[in-house]
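Chains, contacts and geometry: an overview
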Amino acid sequence: MSFGAVATVSTTASAKSYATAGAYSKLTIDATKRNVEATGTNALYTKPGTVKGAKVVASKATMAKLASSKKSADYFRAYGVKTTNRGSIYYRVVTMDQKYRGYVYGGKVADTFGGGIKAAETTTANTTDSMIGKTVTFTNPGTANVTWTAPKYTQYKSGAAKVVKNTTPFAGDTLKVTKAETKTREGSLYYYVEDQQNPTVNGWIYSKAVTTDASAVYNQATDVKVNFVATDGTTVKSTTLAKLTANNADNTAVGTAKANAKGTAVGFDAQAKATNDWATPLLKGTGYDYNAATASNTAALLSAKTGDTINLTVTKGAQAVQSIAAYYQDGVNNPVKLSSVAATSDANLVY
């Protein structure tokens, strides 16, 4: 009996002791002040890590990778907190792309991010950027490179919070740049733009998605991109057939309505505009010629739809060979071919 009692005491003393967590509290400070990044010193758990039943969501090694990541998607947003009976604070966090979510140790000082996370500045304001105050236009209106509530993934859910999902209807609108920010991790520059014709169109946009050169604008709803391609497949020059008119209802000729949606058949107007005279100045200096009557070119043009990129074949132009000879001046009126002279001084050469 004595031995059994000793054994029971020993087993109880070696049992693992778990912490208990207090009630969950939602963080209420400004959301933009709750952007954090992993430090790599602590793992991410389904519940406070020292509480019984806590499972690993992201290991310490994974958190270390997120800490050194160059992607804004790997920042976290802290939104809740629990404190254990041992005074350890665990923050409920989620990555900006929502891939990882769980509790991470945050130190023992209330309202302070520590331990496995630290405060993060996801962007840097560029108050002196030369583009602030200038007007631009969408370079390639469409569903790519649209406007966002914040530079992508620098705020929680900003990766999905599009202000304008399709900029096609606003092609050619003038946009005023009012702010500029650089994403801390990627280093990419974003502008906040405000449409001067449609005030509801605004938001953050990647800087290379806008341009000050109105002639560079390509509208998928009205235009067709054209590549002049040599017979060996080399692209010699690129241009745009802009503001095309849709085919008629029977799709047999040019209609009367301007194209206003991507995928509109505009082949007959494209063919009417893509003449030899149209191409000649575009190909000047390239050494290539364009023939609108070539079967492949006619077919490509007639099948064109707005938003398409078509290839038009060009061929090497005829080359005129002109012999060139160098002379030197022998006296006043006696030019002599240089090839017939063994040597002469530069002073006597005629250029």
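A brief report on the enclosed structure follows. No experiment lies behind these values; they were computed from the predicted model shown. (Residues numbered from 1 in each chain as written. Predicted model: local features only at pLDDT ≥ 70, side-chain atom pairs only at ≥ 80, totals over all residues. Heavy atoms only, no water.)

Here the focus is the side chain of Asn297. As for its placement among the helices and strands, Asn297 is situated in helix α5 (residues 295–302). Judged by its relative accessible area of 0%, Asn297 falls in the buried class. Not counting residues within four places of it along the chain, the set of residues in contact with Asn297 comprises Tyr290, Asn291, Ala292, Leu312 and Thr313. (Helix = DSSP H or I, 4+ residues; strand = E, 2+ residues; numbered from the N terminus. Buried < 20%, exposed > 50% of the residue type's maximum accessible area, 1.4 Å probe, protein only. Contact = heavy atoms within 4.5 Å.)

The next point concerns the pattern of salt bridges. The final tally for this structure, using the stated rule, is three salt bridges. Among the ionic pairs, Glu186 bridges to Lys183, the shortest N-O distance being 3.8 Å. Given the relative accessible area of 6%, Lys183 is considered buried. The residue Lys273 makes a salt bridge to Asp269 at a minimum N-O spacing of 3.5 Å. On the criterion of helical spacing, the pair formed by Lys273 and Asp269 is a turn pair, its members being four residues apart in helix α3 (residues 267–273). Given a relative accessible area of 32%, Lys273 falls into the partly exposed group. (Salt bridge = Lys/Arg side-chain N within 4 Å of Asp/Glu carboxyl O.)

Where helix α4 (residues 276–283) is concerned, the buried positions are Trp278, Ala279 and Leu283. When α4 is viewed along its axis, its buried side chains cluster within an angular range of 110° and face the same direction. Exposed residues pointing more than 90 degrees away from the buried face of α4 are listed as Asp277, Thr280 and Pro281. Buried positions along α4 lie against β17 (224–229), β18 (235–241), α3, β21 (288–290) and β22 (309–316). Where α4 ends, the next residue or the one after it, Gly285, has phi of about 85°, a positive value. (Arc of directions from axis to C-beta.)

Right, let's get into the side chain of Gln155. Relative to the elements of secondary structure, Gln155 occurs in the loop between β11 (147–148) and β12 (162–164). Judged by relative accessible area, Gln155 falls into the buried class, the value being 19%. Discounting chain neighbours no more than four positions away, the residues touching Gln155 are Thr32, Asn35, Arg77, Met96, Thr122 and Ala150.

The next subject is the pairing of strand β20 (residues 254–258). Taken together, the two bridges between strand β19 (residues 245–247) and β20 define a ladder with antiparallel strand orientation. Bridge pairing links Thr245 to Lys258 in β20. Between β19 and β20, which pair antiparallel one after the other, the connecting turn spans six residues, and Asn251 there sits at a positive phi close to 60°. (Pairing = 2+ DSSP bridges.)

This paragraph deals with unusual backbone geometry. Phi at Asp111 takes a positive value of approximately 60°, unusual for a residue other than glycine. By secondary structure assignment, the location of Asp111 is in the loop between β7 (101–105) and β8 (117–119). Residue Asn251 is not a glycine yet carries a positive backbone phi of 60°. The topology assignment puts Asn251 in the loop between β19 and β20. With relative accessibility at 44%, the residue Asn251 sits in the partly exposed group.

Residues Phe228, Leu241, Trp278, Tyr290, Leu301 and Leu312 are the most contacted members of the largest nonpolar core, which totals 21 residues. When contributions to this core are tallied by element, the ones reaching two or more residues are β17, α4, β21, α5 and β22. Every residue in contact with Leu241, bar those within four places of it in the chain, is listed here: Thr222, Asp223, Val224, Val226, Ala270, Lys273, Ala274, Trp278 and Leu301. Counting residues in hydrophobic clusters, the runner-up holds 16 residues, among them Val36, Met63, Phe76 and Tyr91. (Core = buried A, V, L, I, M, F, W, Y, C linked by side-chain atoms within 4.5 Å.)

Moving on to the sheet that holds β17. The pairing of strands in a sheet comes from backbone hydrogen bonds and takes either a parallel or an antiparallel form. An order of β18-β17-β22-β21 is seen for the four strands of this open sheet, with the pairing classed as mixed. This sheet does not close on itself; its edge strands, each paired only once, are β18 and β21. Taken pair by pair, the neighbouring strands of this sheet meet at an average axis angle of 35°, ignoring direction. Of the strand pairs in this sheet, β17 and β18 are connected by six bridges, and their pairing is antiparallel. The residue bridging Val226 from the neighbouring strand is Thr239, located in β18. (Axes fitted to C-alpha atoms, helices over the stretch in contact; angles between N-to-C directions.)

Its place among the elements puts Ala73 in the loop between α2 (60–67) and β5 (76–83). Each C-alpha atom of the pair Ala73 and Lys152 lies 8.2 Å from the other, and the pair is 79 residues apart in sequence. Not counting residues within four places of it along the chain, the set of residues in contact with Ala73 comprises Thr95, Met96, Asp97 and Tyr153.

In this model, the largest pocket occupies a volume close to 230 Å³. As for the largest pocket, its lining consists of 15 residues, and the residues nearest its centre are Leu27, Val81, Tyr91, Ala110 and Asp111. Those elements that place two or more of their residues in the lining of the largest pocket are β1 (25–26), β5 and β6 (89–95). Of all the elements, β5 adds the most residues to the lining of the largest pocket, at three residues. Taken together, the residues of the lining of the largest pocket sort by class into eight nonpolar, four polar and three charged. (1 Å grid on protein atoms, 1.4 Å probe; cavity = no way out; pocket = protein on both sides within 12 Å on 5 of 7 lines; lining within 4 Å. Points joined across faces, edges and corners; volume = space filled by probe spheres on them. Nonpolar A, V, L, I, M, F, W, Y, C, P; charged D, E, K, R; others polar.)

Honestly, it's all geometry; don't read function into it.
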